[in-house]
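# What the coordinates show
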Amino acid sequence: MKIKKSGIVLILLLLFAVVTPLIGSLQAVHAQLPIPPGVPRGDVLIVHNDHGTYPDPTNFNWLVPGVFHAAAGGSGYNQLCAGILYYLNTTNSEIISWLAAGLPEYSPDYKTVKIRVVKGAYWNDGTPFTADDVVFTINYLLEAPGGIGSVIKRLVSRAYKVDDYTLVVELKIPNPRFHYIFTAIIYQPPIKILPKHQWEGKDPLKFKAFPPVCIGPYNLKAYDPGGNWFLWERYEDWWATKLYGIKPSPKYVLYIHYGTEEAYALAMVKHELDAKKTFLPEYLEIVLKGNPYVGGWRAKPPLAWPFDARIKGLAFNVLRYPYNITEVRRALVHLINFTEVWLAFKGPEGSLPIPSPLPVVRTPAAEKVYYIPLKEELLKLGLDPNPPKVIRDYLKELGYDPDIVWYKYDPEEAERLLKKVGFYRGSDGKWYLPNGTKWVINILAPGAYEAEPQRMAFIVADQWRRFGIEVNVLVVESGVFYSSWSKGTFEIGAFWPGGIGPLLDYGALPYAANTQWNSRYFNPDAPSVGWAAYNFTGKYGSKKDLDEILNELEATPPTETDKIYSQARKALLIWAEQQPWIGFFPAPFYTVNDRYCWEGWPSYPDNYYMDPVYWWAQMLFIVLKLRPTGRCPVKEAVVSPPSPTMPTSTPSPSPTPTPPLTPSPAATVTVTQTIEKTVPTTVLSTIMRTITTAIREIDWTPTIALAVVLFIVGLAVGRFTVRKR
Amino acid sequence: MYWVKKLLRKILAHPVARYVVARAILMFATIFIAYSFTFLLLKFMPLDAVEFIISQYIAGSAATYQDPAVINELRQSLYELFGLKGTLLEQYITFLKRLFTFDFGPSILAFPTPVMELIKRALPWTIGLLSFTTLVSWIIGNLLGVITTYIEVERGSRVAKILQGIALTLRPTPYYIMALVLILLFVYFIPIFPLPGAGGMLTPEFSFENIISIIRRFTLPALSIIIITAFGWNYISSRTLALNIISEDYFIYAELRGLPDSVVLKRYVLRNILISQITFLALQLGTIFSGALLVETIFALPGLGTIIYRAINTGDINTALGVLSLSMIAVSLATFVIDLVYPIIDPRVRFR
């Protein structure tokens with residue numbers, strides 16, 4: 001048969017064509033990863049690119065807000081390259097001065113700020129980093145067209161340099177927190193420092209700033225033109241290595257997007273992913289089964305990070321009837337069975353969220369500063385006096401006050417409150433508005449990846465329905481949701497309004513919150529939940545009182561913590577009485593890491609130097625602490641004793657000179673370096689040892705593949721010759 | 001102008017020319033109408049790119065407070081930057097101009113990168129993958145369908161039955177499942193391919209390493225598409241058509257003439273099937289330009305599918321219209337070409 005013969009030949013040829021080049025490429029041990037040939041796995045730190053595929057991976061212009069550029073966290077730019085003056089240490093709410101030499105000095109009227117930058121820092125192309133760069137950044141943004149640099153335009157009147165390492169910024173309005181716009185509080189700072197020599201004379205609307213000029217410990221080595229990964233190479237002459245003796249261990253850091261959650265799970269099982277932003281619980285289960293080295297917020301399960309920056313829940317549009325009635329909102333709160341919501345978020349390895357009745361992320365610090373002091377008042381406001389044992393036990397185990405859980409599930413109280421404002425239950429068992437129409441609640445929830453608020457919406461809707469209220473949940477694409485959320489065209493939105501993340505400083509509400517509280521920040525074009533414009537009077541204060549407290553908070557420098565905490569407690573009580581939104585807890589984030597190749601990951605409570613925020617700029621400090629475990633072959637990774645503690649500055653009363661930096665415990669050789677008169681820094685000079693042991697794994701795959709192909713070819717040839725005869 | 005008229009009249013006197021001109025006019029009309037509808041649809045989407053950016057900016061997860069005056073300024077300048085200012089009619093005219101100049105302005109989702117640059121980045125991958133898989137699965141599916149049916153009917157073969165069983169199973173298999181099975185098989189159990197997104201660099205340059213990394217990254221996605229489409233629609237439809245032809249009189253006559261198998265297959269079965277199958281192929285090739293979102297997402301590949309998805313999701317009308325008009329033009333062109341090719345394949349059309 002002619003057809004058969006030619007068919008076989010065709011298939012064989014095709015097979016040969018596909019398999020041969022593959023075999024040729026299979027020899028390298030980790031050739032599957034996009035790393036330079038010959039680089040062993042142990043030299044590379046592989047991190048999740050949470051932005052996915054970049055449409056244009058060469059666009060490093062972050063100035064135009066809201067667009068998809070690579071100068072953010074998904075590519076690794078924020079973590080490894082960007083120029084950032086200050087970072088927030090998420091574990092203790094302290095500010096780390098990085099490119100700035102200590103906290104800034106404010107004038108007594110808080111209208112001028114003197115910022116000093118670190119002496120001896122330079123960009124990775126050798127150009128010194130000076131006050132000029134900061135001044136240039138500010139002025140460049142001041143002159144930029146339209147909406148670019150709007151934060152700077154609102155706050156700054158002018159900036160000028162005093163000397164190479166000092167600059168002065170004159171502010172339009174007094175502001176003791178101006179430096180927060182240079183601080184990575186949540187995710188990234190609003191303003192990163194632009195390298196003057198790269199940006200000068202460039203059009204902010206056209207320039208792509210590629211390749212990026214870095215001042216972090218890495219330089220961009222390669223990127224995927226398809227937009228999935230970015231490979232960063234350690235810069236051996238990094239300024240901080242010279243200044244402080246610190247050097248990151250990984251020779252390369254790869255930020256990569258593996259496609260779907262399934263592929264990410266496989267990658268972590270195969271030890272080809274060291275850090276993941278978060279896994280959905282079902283995928284975490286797969287990872288845990290396949291990889292015993294997985295750690296998270298804690299080294300051992302439960303692993304979830306409970307302090308994601310936003311408390312998730314449901315927000316009322318308080319400018320809309322009937323959600324503008326406090327009794328209605330309070331009644332709806334009492335109709336929620338919190339335990340049900342709480343248990344729905346139990347992870348496969350036992351992770352559970354920390355109940356947060358206040359809009360404050362309940363970190364151990366926040367527990368002391370806000371939760372415990374407000375406990376008595378919260379009980380008066382309806383906090384469950386006898387919370388379920390299962391939650392109490394959990395809180396006790398974590399070292400939290402077990403009596404602060406959530407509001408009491410109390411349908412009778414809800415009924416009383418509703419009837420008080422004229423609502424009534426009809427003969428059909430449903431609830432009616434005072435005007436006689438049926439009460440229908442519409443909850444808007446974001447679709448796609450925002451799974452948690454969506455789940456909360458469905459659980460709560462079910463609970464309200466049980467009480468006889470008609471409830472619809474509308475799930476929309478996140479784009480539609482965001483627009484509706486900002487325009488305030490919803491009744492109840494499932495989202496994460498209002499907190500300030502790991503910060504305790506409530507004067508920072510305008511900087512860190514995504515919902516405004518103070519009426520002077522109300523934007524009628526974007527009313528959102530409407531809390532800033534909502535008028536009320538209550539037992540704990542009225543709208544006017546709240547505004548006064550907030551104004552005072554903003555005027556109080558962040559260093560006067562006692563005053564800030566006491567004022568903030570007043571504001572929080574007013575909030576709790578009004579209950580403009582229902583916050584349950586930050587959803588547990590399975591920000592897991594693989595401890596097979598790298599160790600030194602932060603873990604609670606024993607090695608809690610940072611939260612596992614791999615997609616935030618603060619990841620820099622994790623990268624600096626990692627070191628090889630010895631399980632993976634290394635060549636150029638730095639194997640060092642526990643890496644040095646970063647220079648950390650603790651807040652001190654301003655406008656006094658900048659505070660001293662906390663000295664770090666010395667492990668080996670301690671060298672004290674005075675970087676600047678006012679900023680003595682003790683740093684650890686680490687002994688770097690580069691071992692060049694290239695352990696070669698023998699890979700049998702190519703041999704097997706070759707054998708299979710040869711076998712098939714042989715068979716075919718044999719058949720042909722037999723037939724011909 | 002007289003000679004122009006004369007020339008036109010002369011050309012149109014020829015029936016083939018008349019046919020071509022009529023089809024061309026139809027094609028342009030189709031593109032115009034489709035473009036206008038798409039423009040309107042995108043405009044009336046409940047999502048506006050600028051509002052989306054602003055809402056992200058003031059309410060997103062990493063938001064800071066913004067002054068309302070500044071926000072309004074930002075809004076105005078963004079509308080201007082993105083070329084979205086003016087009334088609906090003015091914008092429509094701007095967008096029409098863009099269609100003719102093939103310059104779709106700046107993209108919004110990756111501002112300031114122009115839309116054409118985004119398309120240029122993604123297009124080679126999309127075309128490469130999808131034209132290859134469409135062609136290969138078309139060829140494999142049709143050949144297999146025809147040959148196995150022929151053998152089955154003529155000789156009664158078990159292979160054909162097995163193939164049919166496979167086809168019937170694969171046809172309703174969700175693509176997602178097939179892709180995951182392949183990933184699990186060839187990335188995890190027999191690790192010869194990299195994880196999606198990993199693998200070497202992807203550059204459009206021609207070099208040995210590049211070809212290797214392209215093969216590494218594209219084999220599994222290509223395989224997943226080919227398996228589903230070759231054994232799915234292509235196989236089933238060609239089999240059904242072949243069965244019809246085999247029962248035709250002219251086929252029986254050919255058999256009775258004692259023509260060899262290969263001639264009967266080639267000239268009587270395959271050629272008759274081609275008429276409808278080429279239409280299908282052409283339309284399939286036309287749809288390539290809208291990308292393959294699912295394939296791109298699962299295998300973390302660059303391509304037009306992801307871009308159009310992102311564009312629609314962020315209200316980026318510039319990019320969305322850019323990609324969609326490409327697709328419109330491609331489908332219209334494909335239809336036009338089929339119309340021109342028909343008379344060559346099918347003699348019956350020539351006489352119409």
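Everything quoted here is computed from the prediction, not taken from an experiment.

Attention now goes to the overall build of chain B. Secondary structure summary: chain B contains 15 helices and zero strands in total. Viewed in the frame of its principal axes, chain B has a C-alpha envelope of about 85 × 75 × 40 Å. A total of 352 residues make up chain B; the buried ones form 51% of that total. Residue pairs at least 24 apart in sequence account for 73% of intrachain contacts in chain B once pairs closer than 6 positions are excluded.

This part takes up the packing of aromatic side chains. Residue and element names in this part refer to chain A. One pass over the full model with this rule turns up 70 aromatic pairs over all chains. A ring pair is formed by Phe-338 and Trp-406, whose centres lie 5.3 Å apart and whose planes are at 15°; its orientation type is stacked. A residue pair is termed long-range when its members are at least 10 positions apart, and Phe-338 in helix 10 (residues 338-344) and Trp-406 in the loop between helix 13 (389-398) and helix 14 (411-420) qualify at 68 residues. By relative accessible area, Phe-338 is classed as buried at 4%. Seen in terms of ring centroids, Phe-338 and Phe-585 are 6.0 Å apart; in terms of plane orientation they differ by 70°. Their pairing is edge-to-face. On the criterion of sequence distance, the pair formed by Phe-338 in helix 10 and Phe-585 in strand 19 (residues 581-585) is long-range, its members being 247 residues apart.

Attention now goes to the nonpolar core. Core analysis: the biggest nonpolar cluster contains 261 residues, and A:Phe178, A:Trp232, A:Trp239, A:Trp439, A:Ile443 and A:Trp464 have the highest contact counts within it. Per-element accounting of this core gives the leading share, nine residues, to helix 19 (residues 561-578) of chain A. Apart from residues no more than four positions distant in its own chain, A:Trp239 is found in contact with A:Trp98, A:Leu99, A:Val118, A:Gly120, A:Ala121, A:Tyr122, A:Ile215 and A:Tyr244. Within the second largest apolar cluster, 58 residues are counted, among which are A:Ala267, A:Val592, B:Leu195 and B:Ile225.

With that out of the way, let us pick up the side chain of A:Ser351. All names here are of chain A. The residue Ser-351 is located in the loop between helix 10 and helix 11 (364-371) in this model. Owing to a relative accessible area of 2%, Ser-351 belongs among the buried residues under this scheme. At 3.2 Å, the side chain of Ser-351 and the backbone nitrogen of Leu-303 are in polar contact. Dropping the residues within four chain positions of it, Ser-351 is found in contact with Pro-302, Leu-303, Ala-304, Phe-345, Lys-346 and Tyr-590.

Here we take up the interface of chain B and chain A. Each side of the interface is counted separately: chain B has 72 residues, and chain A has 81 residues. Linking chain B to chain A there are three salt bridges. The partner of B:Glu117 in a salt bridge is A:Lys208, with the nearest N and O atoms 2.9 Å apart. Mapped by element, the contributors of at least two residues to the side of chain B that touches chain A are helix 3 (49-59), helix 4 (68-81), helix 6 (115-155), helix 8 (175-189), helix 9 (208-246), helix 12 (293-298) and helix 13 (304-314) of chain B. Of all the elements, helix 4 of chain B adds the most residues to the side of chain B that touches chain A, at ten residues. Considering only residue class, the side of chain B that touches chain A consists of 46 nonpolar, 16 polar and ten charged.

Turning our eyes to something else, we now look at the state of the cysteines. Residues and elements named next belong to chain A. Within this structure, the stated rule accounts for two disulfides over all chains. The residue that forms a disulfide with Cys-81 is Cys-214, at a sulfur-sulfur distance of 2.1 Å. A torsion of -90° about the S-S bond marks the disulfide between Cys-81 and Cys-214 as left-handed. Remark: Cys-214 occurs in the loop between helix 5 (196-199) and strand 9 (218-223) and Cys-81 occurs in the loop between helix 2 (77-80) and strand 2 (86-89); sequence separation between them is 133 residues. The exposure class assigned to Cys-81 is buried, which follows from its relative accessible area of 1%. What makes Cys-214 buried here is its relative accessible area of 1%. One disulfide in the model links Cys-597 with Cys-632; its S-S distance is 1.9 Å. Looking along the S-S bond of the Cys-597-Cys-632 disulfide, the torsion reads about -70°, which is the left-handed sense. With a gap of 35 residues between them, Cys-597 in the loop between strand 20 (593-594) and strand 21 (598-599) and Cys-632 in the loop between strand 22 (627-628) and strand 23 (638-639) connect regions that are remote in the sequence. The burial state of Cys-597 is the same as that of Cys-632; both residues are buried. For chain A, the bonded cysteines connect in the pattern 1-2, 3-4 when numbered consecutively along the sequence.

Looking now at a nonpolar patch on the surface. Residues and elements named next belong to chain B. Together, Trp-3, Leu-7, Leu-8, Ile-11, Leu-12, Val-21 and Ile-25 give the surface a local cluster of nonpolar side chains, amounting to about 670 Å² of exposed area. Per-element accounting of the nonpolar patch gives the leading share, five residues, to helix 1 (residues 2-13). Note that Leu-7 resides in helix 1. On the basis of relative accessible area, Leu-7 is assigned to the partly exposed category, the value being 46%.

A word on empty space enclosed by the protein. Taken as a whole and judged by the stated rule, the model has 13 cavities of 30 Å³ or more. In this structure, the second largest cavity occupies an estimated 120 Å³ of space. A:Tyr54, A:Pro55, B:Pro302, B:Gly303 and B:Ile307 are the residues nearest the centre of the second largest cavity, which is lined by 16 residues in total. Secondary structure elements with two or more residues in the lining of the second largest cavity: helix 6 and helix 13 of chain B. Its residues assigned to classes, the lining of the second largest cavity comprises nine nonpolar, five polar and two charged.

So, about the confidence of the model for chain B. All names here are of chain B. Across chain B, the average pLDDT comes to 81, with 93% of residues at or above 70. Looking at the elements of chain B, mean pLDDT is at its lowest for helix 15 (residues 347-350), recorded as 67, and at its highest for helix 8, recorded as 87. Across the interface, the model reports ipTM at 0.81; the global pTM reads 0.81.

Each regular strand carries side chains that alternate between the two faces of the sheet. All names here are of chain A. The buried count for strand 19 comes to five of five residues, which makes it a mostly enclosed element. Where strand 13 (residues 312-316) lies against strand 19, four bridges are found, and the strand directions are antiparallel. In the strand pairing of strand 19, Gly-313 is matched with Gly-583.

The next thing to look at is the sheet that holds strand 18 (residues 492-495) of chain A. Residues and elements named next belong to chain A. Here we have five strands laid out as an open sheet, ordered 17-16-18-13-19, and mixed in their pairing. Two strands lie at the open edges of the sheet, namely strand 17 (470-476) and strand 19, each paired on one side alone. Put simply, the sheet's adjacent strands are angled 20° from each other on average, direction ignored. Bridge analysis of strand 13 against strand 18 gives four bridges, and the strand direction is antiparallel. Across the sheet, Gly-313 pairs through a bridge with Phe-495, a residue of strand 18.

Moving on, we come to the sheet that holds strand 8 (residues 183-184) of chain A. The sheet built from three strands is open, its strands ordered 3-2-8 (chain A) with mixed pairing. Two strands close off the open sheet at either side, each with one partner strand: strand 3 (94-97) and strand 8 of chain A.

Residue and element names in this part refer to chain A. Put simply, helix 7 (residues 261-269) and helix 8 (residues 281-290) touch, their axes get as near as 9 Å, and they point 20° apart. Put simply, helix 7 runs roughly parallel to helix 8. For the crossing formed where helix 7 meets helix 8, the hand is right-handed. Only Tyr-283, Ile-286, Val-287 and Gly-290 of helix 8 make contact with helix 7, whose side of the interface consists of Glu-261, Glu-262, Ala-265, Met-268 and Val-269.

Moving on: unusual backbone geometry. All names here are of chain A. Here the bond from Pro-301 into Pro-302 is cis, since omega is 0°, no more than 30 degrees from zero. Here Pro-302 lies in the loop between strand 12 (294-295) and strand 13. With an omega of 0°, the peptide bond running from Tyr-604 to Pro-605 counts as cis. One non-glycine residue, Ala-209, lies in positive phi territory at about 50°. Relative to the helices and strands, Ala-209 is located in the loop between helix 5 and strand 9. For Ala-209, a relative accessible area of 3% translates into the label buried. Unusually for a residue other than glycine, Ser-528 sits at a positive phi of about 50°. Among the structural elements, Ser-528 can be located in the loop between helix 17 (509-512) and helix 18 (543-555). For Ser-528, a relative accessible area of 10% corresponds to the buried category.

Parameters at a glance
- Residues numbered from 1 in each chain as written.
- Chains lettered and ligands numbered in written order.
- Predicted model: local features only at pLDDT ≥ 70, side-chain atom pairs only at ≥ 80, totals over all residues.
- Heavy atoms only, no water.
- Helix = DSSP H or I, 4+ residues; strand = E, 2+ residues; numbered from the N terminus.
- Buried < 20%, exposed > 50% of the residue type's maximum accessible area, 1.4 Å probe, protein only.
- Contact = heavy atoms within 4.5 Å.
- Phe/Tyr/Trp six-rings, centres within 6.5 Å; stacked < 30°, edge-to-face > 60°.
- Core = buried A, V, L, I, M, F, W, Y, C linked by side-chain atoms within 4.5 Å.
- Polar contact = N/O pair within 3.5 Å; in protein donor to acceptor, adjacent residues only side chain to side chain.
- Salt bridge = Lys/Arg side-chain N within 4 Å of Asp/Glu carboxyl O.
- Nonpolar A, V, L, I, M, F, W, Y, C, P; charged D, E, K, R; others polar.
- Disulfide = S-S within 2.5 Å.
- Patch = residues over 30% accessible without salt bridge, like charges linked within 9 Å, V, L, I, M, F, W, Y side chains within 5 Å.
- Areas by Shrake-Rupley, 256 points an atom, 1.4 Å probe, with all protein chains shown as cover.
- 1 Å grid on protein atoms, 1.4 Å probe; cavity = no way out; pocket = protein on both sides within 12 Å on 5 of 7 lines; lining within 4 Å.
- Points joined across faces, edges and corners; volume = space filled by probe spheres on them.
- pLDDT = per-residue confidence, 0-100.
- Pairing = 2+ DSSP bridges.
- Axes fitted to C-alpha atoms, helices over the stretch in contact; angles between N-to-C directions.
- Parallel < 35°, antiparallel > 145°, perpendicular 65-115°, else oblique.
- Left-handed = near helix turned anticlockwise from the far one by under 90°.

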